[in-house]
Amino acid sequence: MDLLEYQGKQFFASYGIPVSDGEATSSVDEAVAIADRIGYPVVVKAQVHTGGRGKAGGVKLAADAEECRTHATNILGLDIKGHIVEIIWVERASDIAEEYYASFTLDRSAKKYLGMLSAEGGVEIEAVAEENPDAIARIHVDPVEGLSEEACRAWVAAANLNPQATEGAVDILMKLYTAYVDGDADLVEINPLILKPTGEVHALDAKVSLDGNAIYEHPDYAQYDATQPRDEREEAANEKGLQYVGLEGSVGVIANGAGLAMSTVDVVNQVGGKPANFLDIGGGANADVMAGALEVINNDPEVKSILINIFGGITRGEEVANGILEAMKRVTIDAPIVIRLDGTNATEGRAILEPELDDKLMMEPTMLDAARRAVELAQG
Amino acid sequence: MSIFVDENTKVVYQGLTGSQGRYYGLLNRDYGTQVVAGTNPKKAGTDVDGIPVYANVAEAREATGANASCIFIPAPGVKSAVLEAAEAGIEFIVAITEGVPAHDEAYFYNKLKADFPDTRLLGPNCPGIISPGKANIGITAGHIAKEGGPVGIVSRSGTLTYQALYELKQKDIGVTTCVGIGGDPVPGTSFIDCLRAFEADPATRAVMMIGEIGGSAEEEAAEFIKSSMTKPVASYVAGVTAPPGKKMGHAGAIVSGGKGTAQAKMEALTDAGVRVGQNPTEAGELMAEIVAGL
């Protein structure tokens, strides 16, 4: 899960990484009170799960209470690329001498941690990587051995930061590594990491993505749930234990297994249709799971036809067929359904469905045929 | 012949006494796999339908000669289960469990590489491995695979693995070994590990490879195929039309910054001489053509 900037800064602060003094709020009055407490000038920053906040007017410097009030009023409720600003972060403005970039993430090819440090911070690091790759000092860290201070120093030296920043950078990077590993993060990124005219090094921004699989080790991460970006359809599906990703089309897709579901979405596109979603019901396909999936799809008003693509492995065709029929009794479905059932005991399963077929429930022998039929129905 | 596992593989199930472990452990035994032991420190001395349960893998190995393990332990216990098996001298570890933290995976992957170089880990978050007619370790439905070869299968996706086995069986094409490497960020066994083993296996004469969006494993496999493989390969990559940045059920299946797209993977594979299908059925047909021409 992706943290908002202020959550990332609080996460960093809990590992001893210096960040600007600040507080989050949803109220204009409180924003002014926070600014009064921490002292002017302050920066008022929109807290949304998207980039380009500055360009959209979501980051403003305020010299006094009046300016703070104006900016807080303007930024709260602002629409930044479809994200409405509900929370702002008010922090003490920093004097900046230089801007750097620092991050840790997993290098899936090397199967080791990758640290990246650059003297060219404050800009899109992808652009730096493309135009001037030598400007990024990289370090691979073996997860078993960890990051030694010696290795960290050599890494900082390779990045050619201002010599004044060396000690502060080493200190922050060692802490950032601990936060990355102990905090079970997929990504920790500071851009910019700043050197102040006074010589201190400091995290001016925070981008943190936490590993959802490790939540059991961090019960306090539950607090981040409330600020995750929401898709109502996805939420309804997650409550039923289904893997759902909302898309923009009109063919509802239900399949068992992530790979097959992805493949089904592909095939719908290939035959000229637009999938409304990706929905993985997992390995089995019993009536409860199928009914839950149909309910989720049924709640999407854009859906004009439903494609159920089940491959029975351990699950037998009869169970799948009975599950579908039982689910259809429980949920009133508006859109026509096209089924493709294959795999273990598919013949038996199809025989159960055969007598029930009509213009609301159809069956096709292959994935491609089923996708074609579903797309025709959606467009018809 | 087959790769990694065969009729002589003796398997200890870590988590045999749990509901999933019991269910699949017994199914695997019914298939013909040598399921020789289970482990559970609290249930040592008992048995699961005649399969003896030991306190730990070392004791199970000592008593039964187990050389492989299959892990059905819940995610929080997988790291210690993998290390326990490796320390006990197990040569082939299959971790079925999904939802293992990425940092745990990165840790035990590197720990095994450094301290237990002769141990191979498959998974986590994978369907397991089947050498049809010889051994089935994991959650693959054994009867959808035809034994004998000449095709080896390696796949990142569970249900698409089944689909591939089934498509080949429908065409009366046998499989030497089918390896599900799983879709997690740090898989213990990679495409390249399997491709190399298939290249060296005389009974395998062609390989079917099923990829997915995210990461660069398919691109790396394409390079390996180009430089080091003589046997023909057919492939399918799922997620051609996945929207960028969306997670589609697998931690590994994330597209970002134009890298790891299905399109890029398919181009890399095609460039390496691989015949790439637009959907699993088409990939099966391409494989049938390859087999007919062998």
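Definitions and cut-offs
- Residues numbered from 1 in each chain as written.
- Chains lettered and ligands numbered in written order.
- Predicted model: local features only at pLDDT ≥ 70, side-chain atom pairs only at ≥ 80, totals over all residues.
- Axes fitted to C-alpha atoms, helices over the stretch in contact; angles between N-to-C directions.
- Helix = DSSP H or I, 4+ residues; strand = E, 2+ residues; numbered from the N terminus.
- Parallel < 35°, antiparallel > 145°, perpendicular 65-115°, else oblique.
- Contact = placed C-beta atoms within 7 Å.
- Nonpolar A, V, L, I, M, F, W, Y, C, P; charged D, E, K, R; others polar.
- Core = buried A, V, L, I, M, F, W, Y, C linked by C-beta atoms within 7 Å.
- Buried ≥ 20, exposed ≤ 12 C-beta atoms within 10 Å, placed from the backbone.
- pLDDT = per-residue confidence, 0-100.
- Pairing = 2+ DSSP bridges.
- Domains from an automatic or database assignment.
- Left-handed = near helix turned anticlockwise from the far one by under 90°.

### Some points on the packing of helix α8 (residues 258–270) of chain A against helix α5 (residues 158–170) of chain B
Two numbers describe how α8(A) lies on α5(B): the axes approach to 5 Å, and their chain directions differ by 80°. It follows from the interaxial angle that α8(A) and α5(B) lie roughly perpendicular. Residues Gly259(A), Leu260(A) and Ser263(A) of α8(A) lie in contact with α5(B), whose contacting residues are Gly158(B), Thr159(B), Leu160(B) and Gln163(B).

### What to know about the interface of chain A and chain B
Counting residues at the interface gives 44 residues for chain A and 48 residues for chain B. At the level of elements, β8 (112–118), β13 (243–246), α8, β15 (277–280), β17 (337–343) and α12 (367–379) of chain A are the ones that each hand at least two residues to the side of chain A that touches chain B. The leading source of residues in the side of chain A that touches chain B is α8(A), at 11 residues. Class assignment of the residues belonging to the side of chain A that touches chain B gives a composition of 20 nonpolar, 13 polar and 11 charged.

### Quick word on the nonpolar core
Grouped together as the largest cluster of nonpolar side chains are 211 residues, with contacts concentrated most on Leu176(A), Leu279(A), Ile71(B), Ile93(B) and Met287(B). Apart from residues no more than four positions distant in its own chain, Leu176(A) is found in contact with Ile17(A), Ala102(A), Phe104(A), Val188(A) and Ile190(A).

### Overview of the confidence of the model for chain B
Summarising the model, chain B shows a mean pLDDT of 92, and 95% of its residues fall at 70 or more. The ipTM for the predicted assembly is 0.91, set against a pTM of 0.91.

### Section: the sheet that holds strand β1 (residues 22–25) of chain A
Residues and elements named next belong to chain A. Read across the sheet, four strands follow the order β1-β6-β2-β3 without closing on themselves; strand pairing throughout is antiparallel. Since the sheet does not close on itself, it has two edges, and those belong to β1 and β3 (59–62), each with one partner. Taken pair by pair, the neighbouring strands of this sheet meet at an average axis angle of 20°, ignoring direction.

### Quick notes on the sheet that holds strand β12 (residues 206–212) of chain B
Strand pairing in a sheet relies on backbone hydrogen bonds, with the paired strands running either antiparallel or parallel. Sheet architecture is open: seven strands sit in the order β9-β8-β11-β10-β12-β13-β14 (chain B), paired in mixed fashion. A strand with exactly one partner marks an edge of an open sheet, and here the two such strands are β9 (135–138) and β14 (275–277) of chain B. On average, adjacent strands in this sheet sit at an angle of 15° to one another, irrespective of strand direction. Direction of pairing for strand β13 (residues 233–238) of chain B relative to β14(B): parallel, over a ladder of three bridges. Bridge pairing links Ala234(B) to Arg275(B) in β14(B). Those strands touched by α8(A) are β12 and β13 of chain B, and its axis lies near 85° from that of β13(B). Lying on the sheet, helix α6 (residues 191–200) of chain B is in contact with β10 (150–155), β11 (174–180) and β12 of chain B; it crosses β10(B) at an angle near 170°.

### A closer look at the domain arrangement of chain B
Residue and element names in this part refer to chain B. Looking at chain B, the domain boundaries give domain 1 (10–122) and domain 2 (141–292). Here the C-alpha centroids of domain 1 and domain 2 sit 26 Å apart. The interface is formed by nine residues belonging to domain 1 together with nine residues belonging to domain 2. The set of elements that each furnish at least two residues to the side of domain 1 that touches domain 2 consists of α4 (102–115) and β7 (120–122). Looking at the side of domain 1 that touches domain 2 element by element, the count peaks at four residues for α4. Counted by class, the side of domain 1 that touches domain 2 contains seven nonpolar, no polar and two charged residues.

### What to know about α6(B)
Buried within α6(B) we find Phe191(B), Asp193(B), Cys194(B), Leu195(B) and Phe198(B). Looking at the buried residues of α6(B), the elements they touch are β10, β11, β12 and α7 (217–228) of chain B.

### Some points on the packing of helix α9 (residues 287–298) of chain A against helix α10 (residues 317–330) of chain A
All names here are of chain A. At their nearest, the axes of α9 and α10 sit 8 Å apart, and the two run at 50° to each other. When the axis of α9 is compared with that of α10, the two are oblique. Between α9 and α10 the crossing geometry is right-handed. The residues of α10 that touch α9, namely those facing Ala287, Met290, Ala291 and Leu294, are Asn322, Gly323, Ile324, Glu326, Ala327 and Arg330. Taken together, the residues of the contact of α9 with α10 break down into six nonpolar, two polar and two charged.

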